[in-house]
Structure formats: structure tokens, C-alpha cells
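# A structural walkthrough
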Amino acid sequence: MGLRVLGVNASARTDGFTAELLDEVLEAARRKGATTERLDLVKHPFPLCVGNYSQDPSSCGPETCVQGPWDGFGKVAERILNADAVVFATPVYWFSVSARMKALLERMTSMENQGLLNLGKPMALLAVAEEEGASQALSQMLLPLAYMGFVLAPLGLVYAHRRGITSFKENPELVEDARIAGENLVLMAERLRGAPFQEPLPSYVYRVPRLPGVAAD
């Protein structure tokens, strides 16, 4: 079976600049032989994380989340878990990731709380800014996803400042960056597929016992 690369678009627009850049990366992955899919979070709304892991770790998992699990997030989680590599793409809103991307990262706690279900899975990260803030947005995705077990592909960070252009194809350097990110993502996924990685015990094992029903935060 060929590699499956999922692109996650955290923009409110399905035809905006973030989607355009994401499509460039996915097209590069297709040319390397992968099967690709783009998932627009705006089409899969889901409730915000309420932090139940701090009260009862067993209530925070892909099949046990008290929010669903088969609300809109369940469908997103299923696609992420079934992918061999993932491209996370966000627009920059006020020097940060979009609210949809932040909500996704928080709900993805259920995919690492009882075991790192995406351990060793390659990723690429994209951020599109009107002016500034792309590097901050990339770092805000990189840190939590790395803790979840995702592995950044070489040159897998791509940021774009779209001010003054109508299409990213007007910027040859950016198109090349997108191509390299997509191709490296597939190359890394081919090499890491099935590789064993060391996994720590779930973090709640180390927590100081707390009173029943009292949240840690």
C-alpha cells in the first residue's frame, strides 16, 4: 500500500492562501508517489477541549473522550491516525496560529494522553502571514506536536508572507520550498514507516495523586 499524506487546513477559507500553499506541498507529495487528502477543519467543527485528562486520564483518549468521541474531532482524529504523514497548515492571526489550529492541538491531547498514537509520524508545518508572525505560529505548532511524537521532515517548515501578491506561484522561492517540503515528507515517511521508537509512560503516571474530581488546573 502506498503512503498516505494528510493535509490539515486550519483556515476559515477553503480556497485561500493557506489552502493554496498546502495544495502545493500535497502536489509535491503526490509526484513522489503518495496518496494525498486535504482536510479543511472548517468543515468539521468540534467542541473545545475541557481538560478532563487532569481529572480522570481514562476519560481522555481517542475512544473515550467525554466530548464525543465521534463529534467533528473524531473524524479528524481518524484521518490523522490513518495517515503516514501529516502537513499542518495555519494562517497567522495576531502573531499566532488560528483558533481552529489551537483547538485542534488541544483536542489532540486525547491522542497522546494514554500513549503516543502518532509516535514517529513525519510532519511538515506551514504558516501564512499577511505581514509578521509566521515564525511564532510555526513554533506554536512545532513544540506540542513534537511532544506528541511527530517528527519534522527536513526543511519541513514553510512560511509565507503574502502581502502584495495574488498567488504564491508569483514567488518561485516559495514554490520551491513547498516542493522540497512535500518530497522530503514522503522520503522520511518511507524510511520511518514501521520503525520502532521508545515511548515514555503516559505523563499522568508521574502526577502527584489528587483529590477525586479536582482538576489539576
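Below is a summary of the structure that appears in this document. (Residues numbered from 1 in each chain as written. Predicted model: local features only at pLDDT ≥ 70, side-chain atom pairs only at ≥ 80, totals over all residues. Heavy atoms only, no water.)

### Observations regarding the pattern of salt bridges
Selection criterion: We define a salt bridge as a contact between a side-chain nitrogen of Lys or Arg and a carboxyl oxygen of Asp or Glu at a distance within 4 Å. The way it works is that DSSP assigns letters per residue, a run of H or I at least four long becomes a helix, a run of E at least two long becomes a strand, and they are numbered from the N terminus.
Enumeration according to the criterion identifies 13 salt bridges in this entry. Note that Lys102 is salt-bridged to Glu106, the shortest N-O span being 2.4 Å. Pair noted here: Lys102 and Glu106 are both in helix H3 (residues 99-107), with a separation of four residues, about one helical turn. Residue Arg179 is joined to Glu176 by a salt bridge in which the shortest nitrogen-to-oxygen separation is 2.5 Å. Taken together, the positions of Arg179 and Glu176, both in helix H5 (residues 172-192) and three residues apart, correspond to about one turn of that helix.

### A short note on H3
Here is the rule we go by: Think of it in three bands: with a 1.4 Å probe and only protein chains considered, a residue is buried below 20% of the maximum accessible area for its type, exposed above 50%, and partly exposed in between. Two residues form a contact once any of their heavy atoms are found within 4.5 Å.
Among all positions in H3, only Met101, Ala103, Leu104, Leu105 and Arg107 are buried. Residues of H3 that are buried sit in contact with strand E1 (4-9), helix H2 (72-82), strand E3 (85-91) and helix H4 (134-147).

### Some thoughts on H4
Where we set the bar: To estimate the expected span of a helix, count its residues, drop one, and scale the result by 1.5 Å.
For H4, built from 14 residues, the straight-helix expectation of 20 Å at 1.5 Å per residue is met to within 8% by its first-to-last C-alpha distance of 21 Å. Immediately downstream of H4, the backbone of Gly149 shows phi near 110°, a positive value.

### Topic: the sheet that holds strand E5 (residues 151-161)
Applied cut-off: Should DSSP find at least two bridges between two strands, the strands are taken to pair. Throughout, an axis means a line fitted to C-alpha atoms (over the contacting stretch in the case of helices), and angles, computed between N-to-C directions, take values from 0 to 180 degrees.
Taken together, five strands build an open sheet; the order of strands is E2-E1-E3-E4-E5 and the sheet is parallel. Edge positions in the sheet fall to strand E2 (35-40) and E5, since each of these pairs with one other strand and no more. Each strand axis lies, on average, 15° off the axis of its neighbour in the sheet, ignoring direction. Both E1 and E2 contribute to a ladder of six bridges, which runs parallel. By the bridge assignment for E2, Asn9 is matched with Asp40. The sheet contacts of H5 involve E1, E3, strand E4 (122-129) and E5, and relative to E5 the element is tilted by about 165°.

### Observations regarding the pairing of E4
What counts, and what does not: The definition of a right-handed crossover adopted here requires that, viewed with the strands pointing away, the path from the first strand over the helix to the second runs clockwise.
Of all the eight residues making up E4, eight are buried; the element is thus mostly covered by neighbouring parts of the structure. Both E3 and E4 contribute to a ladder of six bridges, which runs parallel. What sits directly across from Phe88, in E4, is Leu125. One ladder, built from seven bridges, connects E4 with E5; its direction is parallel. Looking at E5, one finds that Met123 is bridged to Leu152. Following the chain from E4 across H4 to the adjacent parallel E5, one finds a crossover that is right-handed.

### Re empty space enclosed by the protein
Stated precisely, the cut-off is as follows: Put simply, the grid is 1 Å and covers the protein atoms alone, a cavity is a trapped set of points that fit a 1.4 Å probe, a pocket is an open set with protein on both sides within 12 Å along at least five of seven lines, and lining residues have an atom within 4 Å of a point. Grid points are joined across faces, edges and corners, and a volume is the space filled by probe spheres set on the points. Under the scheme applied, nonpolar residues are Ala, Val, Leu, Ile, Met, Phe, Trp, Tyr, Cys and Pro; charged residues are Asp, Glu, Lys and Arg; polar residues are all the others, including Gly.
By the definition in use, this model includes two cavities of 30 Å³ or more. Approximately 90 Å³ is the volume found for the largest cavity. Considering the residues around the largest cavity, the lining is formed by 14 residues, among which Cys49, Cys60, Cys65, Gln67 and Arg107 are closest to the centre. Of the residues contributing to the lining of the largest cavity, the split by class is six nonpolar, six polar and two charged.

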